[in-house]
Amino acid sequence: MPATTAMPAVAPVLSKAGTQIRLTDVVKDYGLAVPAVDGVSLTIEPGEFMTLLGPSGSGKTTTLNLIAGFETLTSGHISFNGDDVSSLPPHKRNLGMLFQNYALFPHMTVAQNVAYPLRERKVPKAEISRRVAEVLELVQLPGRDDNVPSQLSGGQQQRVALARAIVFGPKALLLDEPLGALDRNLRGALQTEIQRIHREVGSTFVFVTHDQEEAMSLSDRIALFNMGRIEQVGSPETLYKAPETLFTARFLGDSNVFELDSAPGSTAVWQDRTWTVEPRTVSDRARSSSSAALVVRPEDVHIAGAADAVPPGASAAPATVADVQYLGSYRTVVLTYAGGVVGRARLDASETQLSLGQSVVAWWRVEQQRVVSR
Amino acid sequence: MTTTSEVTAPAAAPARRRSRGVDAVPWWLRLVVAVGALYFVLPTLFVIPMSFSESTTFSFPPKGFSLDLYRNFFTDPVWLTSLRNSFFVAVVAALLATVVGTAAAVGLHNLTGRLARLARTVLMISIVTPGIVIAVVVYISFLKWHLVGTFAGYVLAHAAIGMPFVLVSVTSALSGFDSKLLRASASLGAPPLRTFARVTMPLISRGIATGAVFAFVTSFDEVVIALFLRSPTFQTLPVQMYNSVTFEVDPTIAATSSLVVSAVTVVCLVPLLLGSRRKNR
C-alpha cells in the first residue's frame, strides 16, 4: 500500500457539514435474558469520529444496526440533526455503511458497485461516471473499474466498499468492524486511509470495533459498551488516564488492580498497606459506589530493591518478580503482590537486571494512581 | 460469495486435483455407470428408429425409412392442438410455479423457527404424494369449482406440482447467498423490491432458471392429473398419446414420443450449456 504523502485534491463526497446523531434511552430487547441494548443515550456531534468499543455481545453492533435502521427499536428514539428517524426504513436514512466482509455485489464490476447508490438516486449518466472516477481516485483505486470484486485483494475490496459508501454524500458513515478481516499491515494502511478521508471530508463517522488499539488511534471519542450499556464516553486519553470503572481500566490497556474493601476517604487501605489518596484521583462513580479499586498503569510503576529506596510520600507495595519479558525498547516485569494479585510494571530496557523470584518493592506517585468503582 | 472469489486466483491447483480424481475412477465403476445409463436410455433409443418406419403398425426393427409418421403428426389437427395446449399450459404453469416457488424460497430463507420448517415441509409434500392421489383430489375440487377441462384448471394443477422443484433449486441457490448484501443495498438507498431485482435475483438466477425448466418439464409430460381433467374440447399431448395407444393404436405416437424426448432433452440441456459457458468466461 502506498503511503499517503500527497493528498489528492478531491471535492467532498460526504456531506461536509456532518450530522448530529442522537440516541435517547435506546433499548433493543430480543426477548432473551438481558436486552441486547439496555438504555443507551449518546450524542454524536457533527463531524465527530465516534467509536463504539466493547467486548463481543456488549451491544455495540446492535446499536450501530439500530442507527442504520437494520433493527427496530424496542423503545427510545434516534434522531439525525434533530429529526426523529426512529421508524424510518434503512433505505431512507441516507447513511453510508462499511461491513466487515465488504458486502460488494459480486455480479457487478467495481464501477457498477460504486455507481449503485447513484443509480438508485437517478443521477444522470454523465454525472455518475464523473463521480465514480472521482471517488475511486479519493480511495486511491483508479483503473480497476472493470474488475469484478473477486479479482481484487481484501484491502482493495474494502476500498471499493468505502468508495461506494461515500459516493452519494451520505449524512454519516457507519463502519462495522471494517478492518477485522484484514491482516495487520493492511489494517494499518486502511486505518490511515479512513482517518485521512475523515479529516478531508469532515463528516460524522461511527466506528464499531472490539480492538482497543484501533479505537484509541482513530477516535475523537470512544463510547465503551458493557452488557448493553455505555460504561463511559470520552476521548481516548480520558478513558485511559481517568477511567470511571474497573471495567474501563481493564478494557483499555494493562493495569495493576488493588481491590479495596471499603470506599476510600483520604486514605485507601489494601491488605496491610495504607496509601494516601488525592481527591482528584477518585472517579465520580467510585465516590458514589460502595466498592472500589485502586488502579495503576504499568508505565507508572517503579521498582525499588528495598523499602528505604522508595521516595517519601509515594505509595508502595512489596512484590516478587514472576517474569521479565524483554520487548526491545522496554521490559515488562510481571509482579506478584500479596495475596497472589498479579500486576505489571513497564521499565526501560536499560534498567538494572531483575532475577525471577526476587523480592522487590513496587512504588508509584500518588497522583498517578486512580480509584475506580467496581 | 467471498469463498468462490478466493478460488479464482489459484485456479490451477483445484483443476489438477480434479483431473487426478477422474483418473482414479476404476474400470468396473465406469461399467456400472454405463449399464445404468443404457438401462435408462434404451427405451428412448427404440422409439426413435421406430418413428422413421414405413409400416403402419408398431414393429421393431423398423421396416424401411420414411417421414410418414412425422407428416401425420404435423398435419393432424388433433395432434397439433394437443401439442399447442401442452406447450401453453406448461409455459404458464412454469411461470406461475417459478414466481410462487421463488417467493417462498426467498421468504423462508432467513427463517429458522419450527413454523418455517413446517411451512417448508408442507410446500414440498406434493413431491412425495402419489400422483393418483393428487389427481383425484384435484379432480374432486375442480369439479366443484368448474375448472375441469379448462386451461386455468390445467395451469393451476401443474403449477402446484411444479412449484416444489423451484423451491428446492432456489433454496439451494440461496444457500450461497450472503444476506449482508441486502443490508448493503438498503444502506445505499434501494428499497426491498429494487434490491431483489438488482441484487438477489441476478445472483440466484441459475437456481430460478433450473427450477423453471423442471416446472416446465413436469407440466409438459404430466399425464395422471391431465387424464382426469381432460374434456372433449381441451386435452394435452400426453393425454392424446395415451388415447392414441389405448383406443386406436396409431403409430404416430412413435414420432410424437421422439419429438417430446428431443424437446425435453433440449430444454434440460439449455441451462447446463449456459452454466458451463458462464463458468468458462
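Residues numbered from 1 in each chain as written. Chains lettered and ligands numbered in written order. Predicted model: local features only at pLDDT ≥ 70, side-chain atom pairs only at ≥ 80, totals over all residues.

1. Structural notes on the confidence of the model for chain B
All names here are of chain B.
So, step 1. Summing up the model confidence of chain B, the mean pLDDT is 84 and the portion of residues at 70 or higher is 88%.
So, step 2. Segment residues 1-20 is flagged for pLDDT under 50; beyond a separation of four residues in sequence, or across chains, it makes 10 contacts in the model.
So, step 3. Confidence metrics for the complex model read pTM 0.79 and ipTM 0.82. (pLDDT = per-residue confidence, 0-100. Contact = placed C-beta atoms within 7 Å.)

2. Focus on the packing of helix α5 (residues 77-109) of chain B against helix α11 (residues 205-220) of chain B
Residues and elements named next belong to chain B.
So, step 1. α11 packs onto α5 with a crossing angle of 140° between their chain directions and a minimal axis gap of 8 Å. On the basis of their axis angle, the class for α5 and α11 is oblique. Of the two possible hands of crossing, α5 and α11 adopt the one that is right-handed. Only Ile-208, Gly-211, Ala-212, Ala-215, Phe-216, Ser-219 and Phe-220 of α11 make contact with α5, whose side of the interface consists of Ser-86, Val-89, Ala-90, Val-91, Ala-93, Ala-94, Ala-97, Thr-98, Gly-101 and Thr-102. (Axes fitted to C-alpha atoms, helices over the stretch in contact; angles between N-to-C directions. Helix = DSSP H or I, 4+ residues; strand = E, 2+ residues; numbered from the N terminus. Parallel < 35°, antiparallel > 145°, perpendicular 65-115°, else oblique. Left-handed = near helix turned anticlockwise from the far one by under 90°.)

3. Thoughts on the packing of helix α4 (residues 154-166) of chain A against helix α5 (residues 184-201) of chain A
Residue and element names in this part refer to chain A.
So, step 1. Where α4 contacts α5, the axes come no closer than 10 Å and their chain directions differ by 25°. One element, α4, and the other, α5, form an angle in the roughly parallel class. Our pair here, α4 against α5, has a crossing hand that is right-handed. Between α4 and α5, the contacting residues are Gly-154, Gly-155 and Gln-158 on the first element and Leu-186, Ala-189 and Leu-190 on the second.
So, step 2. Residue composition of the contact of α4 with α5, by class: 3 nonpolar, 3 polar and no charged. (Nonpolar A, V, L, I, M, F, W, Y, C, P; charged D, E, K, R; others polar.)

4. Section: the domain arrangement of chain A
Residue and element names in this part refer to chain A.
So, step 1. Partitioning chain A into structural domains gives domain 1 (21-237) and domain 2 (242-373).
So, step 2. Here domain 1 and domain 2 have C-alpha centroids that lie 38 Å from each other.
So, step 3. With 5 residues of domain 1 at the interface, the matching set in domain 2 holds 7 residues.
So, step 4. Split into classes, the residues belonging to the side of domain 1 that touches domain 2 amount to 1 nonpolar, 3 polar and 1 charged. (Domains from an automatic or database assignment.)

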